[in-house]
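What follows is the residue order along each chain.
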Amino acid sequence: MGNRAIWEQASTKHVREYDELLEAARGDRLLVEREHELLAPVLAIGPFVVHLQSGHGLDDVGLVKAGARRVLGVDYSSVATGAAQRRAWDVGVDCRYVVAEVPGVPVKDAAADLVYTGKGALIWMRDIDVWARDVARVLRPGGHLFLYEGHPAVPLWTWDEDEARIRPDRSYFAKTHVNDTFPGNGAQEWQWTLGQIVTAITTAGLHLQFLEEYAEPFWRPQDGTNAAAWSGRLPNSYALLARKPL
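Residues numbered from 1 in each chain as written. Predicted model: local features only at pLDDT ≥ 70, side-chain atom pairs only at ≥ 80, totals over all residues. Heavy atoms only, no water.

1. Comments concerning unusual backbone geometry
Cis geometry marks the peptide bond from Val 102 to Pro 103; its omega dihedral reads -5°. Following the sequence through the fold, Pro 103 ends up in the loop between strand 3 (95-99) and strand 4 (112-118). Positive phi values are uncommon outside glycine, yet Arg 29 reaches one of about 55°. On the secondary structure map, Arg 29 appears in the loop between helix 3 (18-25) and helix 4 (33-43). Note on Arg 29: relative accessible area 52%, which makes it exposed. A positive phi angle is found at Gln 53, which is not glycine, with a value near 60°. (Helix = DSSP H or I, 4+ residues; strand = E, 2+ residues; numbered from the N terminus. Buried < 20%, exposed > 50% of the residue type's maximum accessible area, 1.4 Å probe, protein only.)

2. A few points about the packing of aromatic side chains
Counted by the stated rule, this structure contains 5 aromatic pairs. Measuring from centroid to centroid gives 6.0 Å for Trp 159 and Trp 219, while their planes differ by 50°, and the two rings are tilted. Of this pair, Trp 159 sits in the loop between strand 5 (139-150) and strand 6 (176-178) while Trp 219 sits in the loop between strand 8 (207-214) and strand 9 (237-243); the two residues are 60 residues apart in sequence, bridging distant segments of the chain. Trp 159 sits in the partly exposed class, given a relative accessible area of 35%. Pairwise contacts between aromatic rings join Trp 159, Trp 219 and Trp 230 into one cluster. One cation-aromatic arrangement involves Arg 70 over Phe 48; the distance from NZ or CZ to the ring centre is 4.2 Å. (Phe/Tyr/Trp six-rings, centres within 6.5 Å; stacked < 30°, edge-to-face > 60°. Lys NZ or Arg CZ within 6 Å of the ring centre and 35° of its normal.)

3. Comments concerning the pattern of salt bridges
If you walk through the whole model with that rule in mind, you get 17 salt bridges. The closest approach of N and O atoms between Arg 29 and Glu 33, which form a salt bridge, is 3.5 Å. One continuous salt-bridge network, built from bridges that share partners, spans Asp 160, Asp 162, Glu 163 and Arg 165. (Salt bridge = Lys/Arg side-chain N within 4 Å of Asp/Glu carboxyl O.)

4. Considering the packing of helix 7 (residues 128-138) against helix 8 (residues 194-203)
Contact geometry for helix 7 and helix 8: axes closest at 8 Å, N-to-C directions at 40°. On the basis of their axis angle, the class for helix 7 and helix 8 is oblique. Along this stretch, helix 7 crosses helix 8, giving a crossing that reads as right-handed. Counting all contacts with helix 7, which are made through Ile 128, Asp 129, Trp 131 and Ala 132, the residues of helix 8 involved are Gln 196, Ile 197, Ala 200 and Ile 201. Per-class residue counts for the contact of helix 7 with helix 8 are 6 nonpolar, 1 polar and 1 charged. (Axes fitted to C-alpha atoms, helices over the stretch in contact; angles between N-to-C directions. Parallel < 35°, antiparallel > 145°, perpendicular 65-115°, else oblique. Left-handed = near helix turned anticlockwise from the far one by under 90°. Contact = heavy atoms within 4.5 Å. Nonpolar A, V, L, I, M, F, W, Y, C, P; charged D, E, K, R; others polar.)

5. A closer look at the packing of helix 3 against helix 5 (residues 58-65)
Remark: helix 3 packs on helix 5, axes separated minimally by 10 Å, with the N-to-C direction vectors making an angle of 15°. Viewed along their axes, helix 3 and helix 5 adopt a mutual orientation that is roughly parallel. The handedness of the crossing between helix 3 and helix 5 comes out as right-handed. Note on element contacts: helix 5 touches helix 3 through Leu 58, Val 61 and Lys 65, opposite Leu 21, Ala 24 and Ala 25. When its residues are assigned to classes, the contact of helix 3 with helix 5 shows 5 nonpolar, no polar and 1 charged.

6. Topic: the pairing of strand 9
Here strand 9 lies mainly inside the structure; 6 of its 7 residues are buried. Strand direction decides the pairing type here: strand 8 and strand 9, joined by 7 bridges, are antiparallel. From the neighbouring strand, Phe 210 faces strand 9, where its bridge partner is Leu 241. (Pairing = 2+ DSSP bridges.)

7. Observations concerning a nonpolar patch on the surface
The grouping of Trp 159, Phe 218 and Trp 219 at the surface amounts to a nonpolar patch, some 290 Å² of accessible area in total. Topologically, Phe 218 is positioned in the loop between strand 8 and strand 9. (Patch = residues over 30% accessible without salt bridge, like charges linked within 9 Å, V, L, I, M, F, W, Y side chains within 5 Å. Areas by Shrake-Rupley, 256 points an atom, 1.4 Å probe, with all protein chains shown as cover.)

8. Overview of the environment of Ala 228
Here Ala 228 lies in the loop between strand 8 and strand 9. Overall, the relative accessible area of 9% leaves Ala 228 in the buried class. Along the backbone, Ala 228 and Glu 163 are 65 residues apart, and their C-alpha atoms lie at a distance of 5.2 Å.

So this is what it looks like as structure tokens:
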């Protein structure tokens, strides 16, 4: 089964849990606290946001509640975009969704004030350089790219609860590996290093403003697994802000 078919199947979770996600969307602080802090100056101007690989869309609702004028979510799962659009209508926020593959974003050049992405997005990009150029194309001069993402080292960590370990079947410098956890179980991931990601973004013409790494993961399994790799001693997520020159 290809990646797109896997994600269409996995996205049915957003439909099964629609009421639960709708309740969450009606709440506050849908973004991670550090996202609020870092994005506050950008969101203060009421930007038009393009969210690449928008998934269930809760981040989009959070962006509007935090100040975004409008959010366009782009995802290649029709199931995910359909559920997210319905939820945005139910909550009454200005979010619209299109089904499209990234890169290849169906947005005019220099249209977005902010491109937002992350939380498990970049591992599905086959070509990080093409992705970065597409981001730069979509951004207006002076616009920003914001990433809040799982650290590229995360696929290396085991889920052992007693001691943090590196998986013997994974390499930080491997090109790809097969995802063996929900929801992307069986899908092919691309293993981009942090250096490759930063280099792609800056080569595309964006200026890096900050890069932070965190021990806290952006996602934990619902079964309560408490992996030793999440104990605060290893990197599990990062945030990056870059700006397109005027």
